[in-house]
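Chain residues, written in single-letter form:
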Amino acid sequence: DALDTNEDGALQVEEFGSIENVRNKLESIALEERRAARELKKAAIAEKEAQDLAQAQLAILNDGEPTNTDKIVSVLPYLFP
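Residues numbered from 1 in each chain as written. Predicted model: local features only at pLDDT ≥ 70, side-chain atom pairs only at ≥ 80, totals over all residues. Heavy atoms only, no water.

### With respect to the overall build of the chain
Across its full length, the chain carries 3 helices and 0 strands. Against the 2.2 N^0.38 benchmark of 12 Å for 81 residues, the chain shows a C-alpha radius of gyration of 31 Å, more extended than a compact globule. Overall, the chain is about 95 × 25 × 15 Å in size when its C-alpha atoms are taken along their principal axes. Burial statistics for the chain: of 81 residues in total, 4% are counted as buried. Total accessible area on the chain is roughly 7,500 Å²; 60% of this is exposed by carbon and sulfur atoms. Counting 9 positive and 17 negative side-chain charges, the chain places the centres of these two groups 9 Å from one another. (Helix = DSSP H or I, 4+ residues; strand = E, 2+ residues; numbered from the N terminus. Rg over C-alpha atoms; globule rule 2.2 N^0.38 Å. Buried < 20%, exposed > 50% of the residue type's maximum accessible area, 1.4 Å probe, protein only. Areas by Shrake-Rupley, 256 points an atom, 1.4 Å probe, with all protein chains shown as cover. Lys, Arg positive; Asp, Glu negative; His and termini not counted. Charge placed at Lys NZ, Arg CZ, Asp CG, Glu CD.)

Printed below as a string of structure tokens:
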């Protein structure tokens with residue numbers, strides 16, 4: 001798109017300029033794509049860590065159904081005054 005000066009959607013031979021210009025443009029596009037991919041990967045890792053942390057916090061709270069062991073242990077103080 002940046003090389004298409006007459007904006008007809010196709011590159012003409014005159015629009016290419018030098019091979020160095022085309023090579024530099026392609027390299028800059030490739031670098032930008034790699035940078036964007038790294039940022040997406042970092043964001044995904046950060047989101048996964050946040051989910052793991054939230055899940056660990058929920059596990060600490062233990063809001064689940066009480067197990068049989070939990071029920072037995074909770075009755076013990078009443079049996080032994």
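### Here we look at helix H3 (residues 68-79)
With 12 residues, H3 extends 17 Å between its outermost C-alpha atoms, agreeing within 8% with the 16 Å of an ideal straight helix rising 1.5 Å per residue. Counting buried residues along H3, only 0 of its 12 residues qualify, which leaves the element largely exposed. (Expected span 1.5 Å × (residues − 1).)

### So, a nonpolar patch on the surface
Nonpolar side chains collect at one region of the surface, where Ile 72, Val 73, Val 75, Leu 76, Leu 79 and Phe 80 lie side by side and expose about 590 Å² of accessible area between them. Along the chain, Ile 72 turns up in helix H3. Its relative accessible area of 54% is what places Ile 72 among the exposed residues. (Patch = residues over 30% accessible without salt bridge, like charges linked within 9 Å, V, L, I, M, F, W, Y side chains within 5 Å. Salt bridge = Lys/Arg side-chain N within 4 Å of Asp/Glu carboxyl O.)

### Observations regarding the confidence of the model for the chain
Per-residue confidence for the chain gives a mean pLDDT of 86, with 94% of residues at or over 70. At the level of individual helices and strands, the chain shows its lowest average pLDDT in helix H1 (residues 13-16), which scores 71, and its highest in helix H2 (residues 19-61), which scores 92. (pLDDT = per-residue confidence, 0-100.)

### Quick look at H2
If you check H2, its first and last C-alpha atoms are 63 Å apart, about what 43 residues at 1.5 Å a residue would give, namely 63 Å. Note on H2: the residue one or two positions beyond its end, Asn 62, has a positive phi of about 55 degrees.

### Observations regarding the pattern of salt bridges
Throughout the structure, instances matching the rule amount to 4 salt bridges. Residue Arg 35 is joined to Glu 32 by a salt bridge in which the shortest nitrogen-to-oxygen separation is 2.1 Å. Of this pair, Arg 35 and Glu 32 both sit in helix H2, separated by 3 residues, roughly a single helical turn. Among the residues examined, Arg 35 registers a relative accessible area of 32% and is labelled partly exposed. A salt bridge links Glu 39 to Arg 35; the shortest N-O distance between them is 2.3 Å. Of the two residues, Glu 39 and Arg 35 both sit in helix H2, 4 residues apart, roughly one turn of that helix.

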